[in-house]
Amino acid sequence: MTGAQPDVRGRIDAVWERLSPAERRVAAMVRHDPELLLLGTSAQLAAESGTSKATVSRLVRSLGFQDAAEVRQELMSARGSGLPWAAEDAAHVDQRAVESRNLDAAFASLARADRPRLARRVMRARRVLVFGERGAHPVALQLRAQLAQVRPDVRIGPAPGQRLGEEVADLDRRDLVVVVTVRRHAAGVDRLVRHCVASGADVVVLGDPTAAVIAAPAATTVLCPVDSPSAFDSLAAMFAVVAAIANDVYEAAGPAGRAHVDAVAAAYDTLGELAGS
(Lines give C-alpha, C1' and ligand atoms only; values in the text may rest on other atoms or scores of the structure.)
Protein backbone atom coordinates (compact mmCIF):
# COMPACT_ATOMS: atom_id res chain seq x y z
CA MET A 1 0.00 0.00 0.00
CA THR A 2 1.30 3.46 -0.82
CA GLY A 3 -0.56 5.85 1.45
CA ALA A 4 0.91 8.96 3.09
CA GLN A 5 0.24 7.61 6.59
CA PRO A 6 2.75 4.74 6.25
CA ASP A 7 5.12 7.21 4.55
CA VAL A 8 5.04 9.43 7.65
CA ARG A 9 6.10 6.41 9.69
CA GLY A 10 8.88 5.72 7.21
CA ARG A 11 10.09 9.32 7.45
CA ILE A 12 10.18 9.06 11.25
CA ASP A 13 12.19 5.84 11.08
CA ALA A 14 14.66 7.47 8.68
CA VAL A 15 15.42 10.46 10.95
CA TRP A 16 14.91 8.83 14.38
CA GLU A 17 18.58 8.84 15.34
CA ARG A 18 18.87 12.55 14.59
CA LEU A 19 15.87 13.61 16.70
CA SER A 20 16.17 15.23 20.10
CA PRO A 21 14.58 13.48 23.11
CA ALA A 22 11.65 15.92 23.02
CA GLU A 23 11.16 15.42 19.29
CA ARG A 24 11.22 11.65 19.83
CA ARG A 25 8.34 11.94 22.30
CA VAL A 26 6.23 13.64 19.65
CA ALA A 27 7.48 11.32 16.90
CA ALA A 28 6.60 8.21 18.91
CA MET A 29 2.99 9.39 19.24
CA VAL A 30 2.76 10.31 15.55
CA ARG A 31 4.30 7.00 14.49
CA HIS A 32 1.63 5.22 16.53
CA ASP A 33 -1.14 7.27 14.91
CA PRO A 34 -0.14 9.62 12.03
CA GLU A 35 -3.66 11.07 11.96
CA LEU A 36 -2.83 13.01 15.12
CA LEU A 37 -1.20 15.43 12.67
CA LEU A 38 -4.43 15.54 10.68
CA LEU A 39 -7.06 15.73 13.40
CA GLY A 40 -5.30 17.82 16.03
CA THR A 41 -3.47 21.13 16.23
CA SER A 42 0.21 21.58 16.99
CA ALA A 43 -0.76 22.92 20.41
CA GLN A 44 -2.83 19.81 21.17
CA LEU A 45 -0.06 17.47 20.03
CA ALA A 46 2.46 19.40 22.12
CA ALA A 47 0.23 19.18 25.19
CA GLU A 48 -0.35 15.43 24.74
CA SER A 49 3.36 14.72 24.33
CA GLY A 50 4.46 17.08 27.11
CA THR A 51 6.56 19.17 24.75
CA SER A 52 6.07 22.53 23.04
CA LYS A 53 4.66 23.84 19.76
CA ALA A 54 8.24 24.70 18.76
CA THR A 55 9.21 21.03 19.23
CA VAL A 56 6.30 19.92 17.04
CA SER A 57 7.35 22.44 14.38
CA ARG A 58 10.96 21.20 14.46
CA LEU A 59 9.78 17.61 14.05
CA VAL A 60 7.61 18.54 11.09
CA ARG A 61 10.61 20.18 9.38
CA SER A 62 12.83 17.20 10.25
CA LEU A 63 10.34 14.98 8.43
CA GLY A 64 10.82 17.05 5.28
CA PHE A 65 7.66 19.16 5.43
CA GLN A 66 7.57 22.95 5.37
CA ASP A 67 4.86 23.22 8.00
CA ALA A 68 1.91 21.43 9.61
CA ALA A 69 -0.40 22.53 6.77
CA GLU A 70 1.72 20.58 4.27
CA VAL A 71 1.55 17.49 6.49
CA ARG A 72 -2.25 17.74 6.69
CA GLN A 73 -2.47 18.13 2.93
CA GLU A 74 -0.44 14.97 2.34
CA LEU A 75 -2.41 13.01 4.93
CA MET A 76 -5.70 14.26 3.48
CA SER A 77 -4.58 13.19 0.01
CA ALA A 78 -3.86 9.71 1.31
CA ARG A 79 -7.14 9.55 3.19
CA GLY A 80 -8.81 10.77 0.02
CA SER A 81 -7.65 7.62 -1.72
CA GLY A 82 -10.00 5.74 0.61
CA LEU A 83 -7.62 2.81 0.98
CA PRO A 84 -8.17 0.94 4.25
CA TRP A 85 -5.53 1.87 6.80
CA ALA A 86 -5.44 1.32 10.55
CA ALA A 87 -3.44 3.10 13.19
CA GLU A 88 -0.92 0.85 14.91
CA ASP A 89 -2.55 -0.65 17.99
CA ALA A 90 -5.86 0.84 16.81
CA ALA A 91 -7.76 -1.11 19.44
CA HIS A 92 -6.35 1.26 22.06
CA VAL A 93 -7.37 4.44 20.23
CA ASP A 94 -10.49 6.01 21.73
CA GLN A 95 -12.97 5.46 18.90
CA ARG A 96 -15.64 7.42 20.77
CA ALA A 97 -13.40 10.46 20.98
CA VAL A 98 -12.76 10.30 17.23
CA GLU A 99 -16.49 9.93 16.52
CA SER A 100 -17.22 12.85 18.84
CA ARG A 101 -14.84 15.08 16.89
CA ASN A 102 -16.40 13.91 13.64
CA LEU A 103 -19.90 14.69 14.91
CA ASP A 104 -18.89 18.12 16.19
CA ALA A 105 -17.35 19.05 12.84
CA ALA A 106 -20.28 17.65 10.85
CA PHE A 107 -22.93 19.52 12.84
CA ALA A 108 -20.89 22.72 12.70
CA SER A 109 -20.89 22.40 8.91
CA LEU A 110 -24.65 21.73 8.91
CA ALA A 111 -25.23 24.81 11.07
CA ARG A 112 -23.29 26.94 8.58
CA ALA A 113 -25.65 25.66 5.88
CA ASP A 114 -28.55 27.40 7.71
CA ARG A 115 -30.61 24.38 8.78
CA PRO A 116 -34.06 26.04 8.88
CA ARG A 117 -33.64 27.54 5.43
CA LEU A 118 -32.31 24.27 4.01
CA ALA A 119 -35.40 22.46 5.33
CA ARG A 120 -37.69 25.02 3.71
CA ARG A 121 -35.86 24.64 0.40
CA VAL A 122 -36.38 20.87 0.52
CA MET A 123 -40.10 21.36 1.17
CA ARG A 124 -40.60 24.00 -1.54
CA ALA A 125 -38.92 21.99 -4.32
CA ARG A 126 -41.12 20.44 -7.01
CA ARG A 127 -39.15 17.21 -6.58
CA VAL A 128 -36.05 16.10 -4.74
CA LEU A 129 -33.42 13.92 -6.40
CA VAL A 130 -30.82 12.23 -4.20
CA PHE A 131 -27.70 10.80 -5.86
CA GLY A 132 -25.09 8.60 -4.26
CA GLU A 133 -22.81 5.91 -5.66
CA ARG A 134 -20.32 3.48 -4.15
CA GLY A 135 -19.88 4.13 -0.41
CA ALA A 136 -22.27 7.08 -0.57
CA HIS A 137 -25.17 4.94 -1.81
CA PRO A 138 -26.39 3.74 1.63
CA VAL A 139 -26.38 7.32 2.91
CA ALA A 140 -28.33 8.50 -0.14
CA LEU A 141 -30.86 5.67 0.30
CA GLN A 142 -31.39 6.61 3.95
CA LEU A 143 -31.91 10.29 3.11
CA ARG A 144 -34.35 9.44 0.34
CA ALA A 145 -36.26 7.01 2.58
CA GLN A 146 -36.68 9.57 5.35
CA LEU A 147 -37.59 12.50 3.12
CA ALA A 148 -40.13 10.34 1.26
CA GLN A 149 -42.00 9.92 4.55
CA VAL A 150 -42.58 13.66 4.73
CA ARG A 151 -43.04 14.94 1.18
CA PRO A 152 -43.97 13.55 -2.25
CA ASP A 153 -41.69 12.95 -5.23
CA VAL A 154 -38.35 12.14 -3.64
CA ARG A 155 -36.24 10.00 -5.96
CA ILE A 156 -32.97 8.13 -5.72
CA GLY A 157 -30.63 8.20 -8.67
CA PRO A 158 -29.50 6.60 -10.74
CA ALA A 159 -32.39 4.12 -10.65
CA PRO A 160 -31.47 0.48 -11.35
CA GLY A 161 -30.81 0.00 -15.05
CA GLN A 162 -30.72 3.75 -15.68
CA ARG A 163 -27.93 6.23 -16.32
CA LEU A 164 -27.49 9.65 -14.75
CA GLY A 165 -28.37 11.46 -17.99
CA GLU A 166 -31.88 10.03 -17.89
CA GLU A 167 -32.35 11.30 -14.34
CA VAL A 168 -31.15 14.87 -14.84
CA ALA A 169 -32.22 15.71 -18.39
CA ASP A 170 -35.28 17.72 -17.34
CA LEU A 171 -34.00 19.39 -14.17
CA ASP A 172 -34.82 23.05 -13.67
CA ARG A 173 -34.92 25.71 -10.96
CA ARG A 174 -37.96 24.10 -9.33
CA ASP A 175 -35.96 21.01 -8.36
CA LEU A 176 -33.55 20.30 -5.51
CA VAL A 177 -30.68 17.85 -5.93
CA VAL A 178 -28.68 16.30 -3.10
CA VAL A 179 -25.41 14.74 -4.22
CA VAL A 180 -23.92 12.44 -1.58
CA THR A 181 -20.28 11.55 -2.15
CA VAL A 182 -17.60 9.96 0.02
CA ARG A 183 -13.88 9.68 -0.66
CA ARG A 184 -12.75 7.47 -3.46
CA HIS A 185 -15.48 9.44 -5.19
CA ALA A 186 -17.24 7.89 -8.16
CA ALA A 187 -15.87 9.08 -11.49
CA GLY A 188 -17.84 11.98 -12.89
CA VAL A 189 -19.44 13.17 -9.66
CA ASP A 190 -17.87 16.59 -10.21
CA ARG A 191 -19.46 16.76 -13.67
CA LEU A 192 -22.81 15.76 -12.16
CA VAL A 193 -22.65 18.64 -9.68
CA ARG A 194 -21.75 21.14 -12.40
CA HIS A 195 -24.51 19.85 -14.71
CA CYS A 196 -27.17 20.11 -12.01
CA VAL A 197 -26.04 23.63 -11.09
CA ALA A 198 -26.11 24.66 -14.77
CA SER A 199 -29.69 23.36 -15.05
CA GLY A 200 -30.80 25.92 -12.47
CA ALA A 201 -31.61 23.29 -9.83
CA ASP A 202 -30.88 23.98 -6.17
CA VAL A 203 -27.87 21.75 -5.45
CA VAL A 204 -26.72 20.47 -2.07
CA VAL A 205 -23.58 18.36 -1.65
CA LEU A 206 -23.27 16.11 1.39
CA GLY A 207 -19.81 14.63 1.60
CA ASP A 208 -16.62 14.17 3.57
CA PRO A 209 -13.98 16.97 3.58
CA THR A 210 -12.30 15.59 0.44
CA ALA A 211 -15.48 16.57 -1.44
CA ALA A 212 -14.90 20.29 -0.86
CA VAL A 213 -13.56 20.94 -4.37
CA ILE A 214 -16.28 18.82 -5.99
CA ALA A 215 -18.90 20.77 -4.04
CA ALA A 216 -17.60 24.25 -4.91
CA PRO A 217 -20.28 25.08 -7.54
CA ALA A 218 -23.17 23.94 -5.31
CA ALA A 219 -25.40 26.34 -3.39
CA THR A 220 -24.86 24.41 -0.15
CA THR A 221 -22.16 22.08 1.12
CA VAL A 222 -22.27 19.97 4.28
CA LEU A 223 -18.99 18.23 5.07
CA CYS A 224 -18.88 15.31 7.52
CA PRO A 225 -15.54 13.81 8.57
CA VAL A 226 -15.42 10.03 8.26
CA ASP A 227 -12.04 9.49 9.93
CA SER A 228 -11.48 6.40 12.02
CA PRO A 229 -8.45 4.84 13.70
CA SER A 230 -9.53 1.49 12.25
CA ALA A 231 -9.09 0.19 8.73
CA PHE A 232 -12.34 1.50 7.29
CA ASP A 233 -14.04 4.88 7.40
CA SER A 234 -16.95 5.53 9.74
CA LEU A 235 -20.11 7.05 8.26
CA ALA A 236 -21.67 7.63 11.68
CA ALA A 237 -21.48 11.43 11.49
CA MET A 238 -22.90 11.44 7.96
CA PHE A 239 -25.89 9.30 8.97
CA ALA A 240 -26.46 11.55 11.99
CA VAL A 241 -26.58 14.59 9.71
CA VAL A 242 -29.05 12.80 7.42
CA ALA A 243 -31.33 12.20 10.41
CA ALA A 244 -31.01 15.85 11.44
CA ILE A 245 -31.89 17.11 7.96
CA ALA A 246 -34.90 14.79 7.78
CA ASN A 247 -36.15 15.93 11.18
CA ASP A 248 -35.70 19.57 10.18
CA VAL A 249 -37.76 18.92 7.05
CA TYR A 250 -40.45 17.20 9.12
CA GLU A 251 -40.71 20.27 11.34
CA ALA A 252 -40.74 22.61 8.35
CA ALA A 253 -43.47 20.55 6.66
CA GLY A 254 -46.03 21.32 9.35
CA PRO A 255 -49.50 19.76 9.01
CA ALA A 256 -48.89 18.80 5.36
CA GLY A 257 -45.85 16.76 6.36
CA ARG A 258 -47.69 14.98 9.14
CA ALA A 259 -50.56 14.21 6.77
CA HIS A 260 -48.06 12.70 4.32
CA VAL A 261 -46.58 10.55 7.10
CA ASP A 262 -50.08 9.32 7.95
CA ALA A 263 -50.80 8.55 4.29
CA VAL A 264 -47.61 6.50 3.99
CA ALA A 265 -48.44 4.61 7.19
CA ALA A 266 -51.96 3.89 5.91
CA ALA A 267 -50.54 2.55 2.64
CA TYR A 268 -48.22 0.25 4.59
CA ASP A 269 -51.24 -1.10 6.47
CA THR A 270 -53.31 -1.55 3.33
CA LEU A 271 -50.56 -3.46 1.59
CA GLY A 272 -49.50 -5.40 4.70
CA GLU A 273 -45.89 -4.52 3.94
CA LEU A 274 -44.53 -4.31 7.47
CA ALA A 275 -44.41 -6.97 10.15
CA GLY A 276 -47.31 -6.59 12.57
CA SER A 277 -49.42 -4.65 10.04
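Scroll up a little and you will see the structure.
Conventions we followed
- Residues numbered from 1 in each chain as written.
- Predicted model: local features only at pLDDT ≥ 70, side-chain atom pairs only at ≥ 80, totals over all residues.
- Heavy atoms only, no water.
- Helix = DSSP H or I, 4+ residues; strand = E, 2+ residues; numbered from the N terminus.
- Buried < 20%, exposed > 50% of the residue type's maximum accessible area, 1.4 Å probe, protein only.
- Contact = heavy atoms within 4.5 Å.
- Areas by Shrake-Rupley, 256 points an atom, 1.4 Å probe, with all protein chains shown as cover.
- Arc of directions from axis to C-beta.
- Phe/Tyr/Trp six-rings, centres within 6.5 Å; stacked < 30°, edge-to-face > 60°.
- Lys NZ or Arg CZ within 6 Å of the ring centre and 35° of its normal.
- Polar contact = N/O pair within 3.5 Å; in protein donor to acceptor, adjacent residues only side chain to side chain.
- Core = buried A, V, L, I, M, F, W, Y, C linked by side-chain atoms within 4.5 Å.

**Here we look at the overall build of the chain**
- The secondary structure content of the chain amounts to 13 helices and five strands.
- Taken over 277 residues, the chain has a buried fraction of 43%.
- Within the chain, counting contacts between residues at least 6 apart in sequence, those at least 24 apart form 72% of the total.
- Accessible area for the chain stands at about 13500 Å²; split by element, carbon and sulfur atoms hold 54% of it.

**Some details on helix H4 (residues 42-49)**
- Buried within H4 are the following residues: Ser-42, Leu-45, Ala-46 and Ser-49. Projected onto a plane normal to the axis of H4, the buried residues spread over an arc of 100 degrees and lie on a single side. Opposite the packed face of H4, turned more than 90 degrees from it, sit the exposed residues Ala-47 and Glu-48.
- Remark: Gly-50 follows H4 within two positions and exhibits a positive phi of approximately 70 degrees.

**Notes on the packing of aromatic side chains**
- Taken as a whole and assessed by the stated rule, the structure comprises zero aromatic pairs.
- Lying across the ring of Phe-65, Arg-11 places its NZ or CZ 4.1 Å from the centre.
- Positioned above the aromatic ring of Tyr-250 is the side chain of Arg-258, whose terminal nitrogen or guanidinium carbon lies 5.9 Å from the ring centre.

**Considerations on the side chain of Glu-23**
- Checked against the element boundaries, Glu-23 lands in helix H2 (residues 21-32).
- Here Arg-58 takes part through its side chain, which lies 3.5 Å from a polar atom of the side chain of Glu-23.
- The residues contacting Glu-23, other than those within four sequence positions of it, are Thr-55, Arg-58, Leu-59 and Ser-62.

**Let's talk about the nonpolar core**
- Grouped together as the largest cluster of nonpolar side chains are 34 residues, with contacts concentrated most on Val-128, Val-130, Val-180, Leu-206, Met-238 and Val-241.
- Elements supplying a minimum of two residues to this core: helix H7 (95-112), helix H8 (115-124), strand S1 (128-132), helix H9 (137-147), strand S3 (176-181), strand S4 (202-207) and helix H13 (236-271).
- No other element matches H13, which puts eight residues into this core.
- Membership of the second largest hydrophobic core comes to 18 residues, among which are Leu-59, Val-60, Val-71 and Leu-75.

Function-wise, these values are silent; they only describe arrangement.
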